[in-house]
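What follows is the residue order along each chain.
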Amino acid sequence: MAAIDRKLKVDPHQYGDGLGPLLAGLMKLKASHVRIAYHIEDDAHEVWVLMLGDRQDIWKRREGDILERLATVKTRIADEATRRSAAVEQKAPRPRHGGGGKGAR
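Residues numbered from 1 in each chain as written. Predicted model: local features only at pLDDT ≥ 70, side-chain atom pairs only at ≥ 80, totals over all residues. Heavy atoms only, no water.

Caption draft 1: A look at the overall build of the chain. The number of helices and strands found in the chain is 3 helices and 4 strands. If you list the helices and strands of the chain from N to C, you get α-α-β-β-β-β-α. The 105 residues of the chain split such that 24% are buried. Carbon and sulfur atoms make up 50% of the accessible area of the chain, which amounts to about 8000 Å² in all. (Helix = DSSP H or I, 4+ residues; strand = E, 2+ residues; numbered from the N terminus. Buried < 20%, exposed > 50% of the residue type's maximum accessible area, 1.4 Å probe, protein only. Areas by Shrake-Rupley, 256 points an atom, 1.4 Å probe, with all protein chains shown as cover.)

Written as structure tokens, this is what we have:
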């Protein structure tokens, strides 16, 4: 957690390294014997920590899990954005059209 606080919150691009072909586009951070797999959403200014694991086996045994978590997070974020957009549309006042009311000619 200290590495996440000190490094990922400060500059995830500077402290992390890119991952290999299967996990291209994702980053890793080394912290002692632990490796942290993460994804950077630059436009949203967010870092998604996908998995923490022992350096001996995180890449060999967990690549599929990491990709699955990334897909799950992306889907969840898209669903939340859709819900927020729908809620905003429901709360927005509807424009009034002229005519037909009192005093109309």
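And the narrative resumes.
Caption draft 2: Layout of the nonpolar core. Listed in full, the 12 residues of the largest apolar core are Leu 19, Leu 23, Leu 26, Ala 37, Trp 48, Leu 50, Met 51, Ile 58, Trp 59, Ile 66, Leu 70 and Val 73. Among the elements of the structure, strand S4 (46–54) and helix H3 (58–91) are those that each provide at least two residues to this core. Sort the elements by how many residues they give to this core and H3 lands first, with 5 residues. Grouped together as the second largest cluster of nonpolar side chains are 8 residues, Ile 4, Met 27, Leu 29 and Ile 36 included. (Core = buried A, V, L, I, M, F, W, Y, C linked by side-chain atoms within 4.5 Å.)

Caption draft 3: Quick peek at the sheet that holds strand S1 (residues 17–18). Read from one edge of the open sheet, 4 strands run S1-S2-S3-S4, paired in antiparallel fashion. Edge positions in the open sheet fall to S1 and S4, since each of these has one partner strand only. Looking at chain direction, strand S2 (residues 27–31) and strand S3 (residues 34–41) are connected through 5 bridges and run antiparallel. Across the sheet, the residue bridging to Met 27 is Tyr 38, located in S3. Contacts between H3 and the sheet are confined to S2, S3 and S4, with S4 contributing the most and set at about 155° to the helix. (Pairing = 2+ DSSP bridges. Contact = heavy atoms within 4.5 Å. Axes fitted to C-alpha atoms, helices over the stretch in contact; angles between N-to-C directions.)

Caption draft 4: View of the pairing of S4. As paired strands, S3 and S4 are joined by 8 bridges and run antiparallel to one another. Its bridge partner lying in S4, Val 34 is registered against Asp 54. Linking S3 back to S4 in an antiparallel pair, the connection comprises 4 residues, with His 45 at a positive phi of about 55°.

Caption draft 5: Main features of the side chain of His 39. Among the structural elements, His 39 can be located in strand S3. Polar side-chain contacts of His 39 include one of 2.7 Å to the side chain of Glu 41. Contacts of His 39, omitting those with residues within four sequence positions, involve Gly 25, Leu 26, Glu 46, Val 47, Trp 48, Leu 50, Leu 70 and Lys 74. (Polar contact = N/O pair within 3.5 Å; in protein donor to acceptor, adjacent residues only side chain to side chain.)

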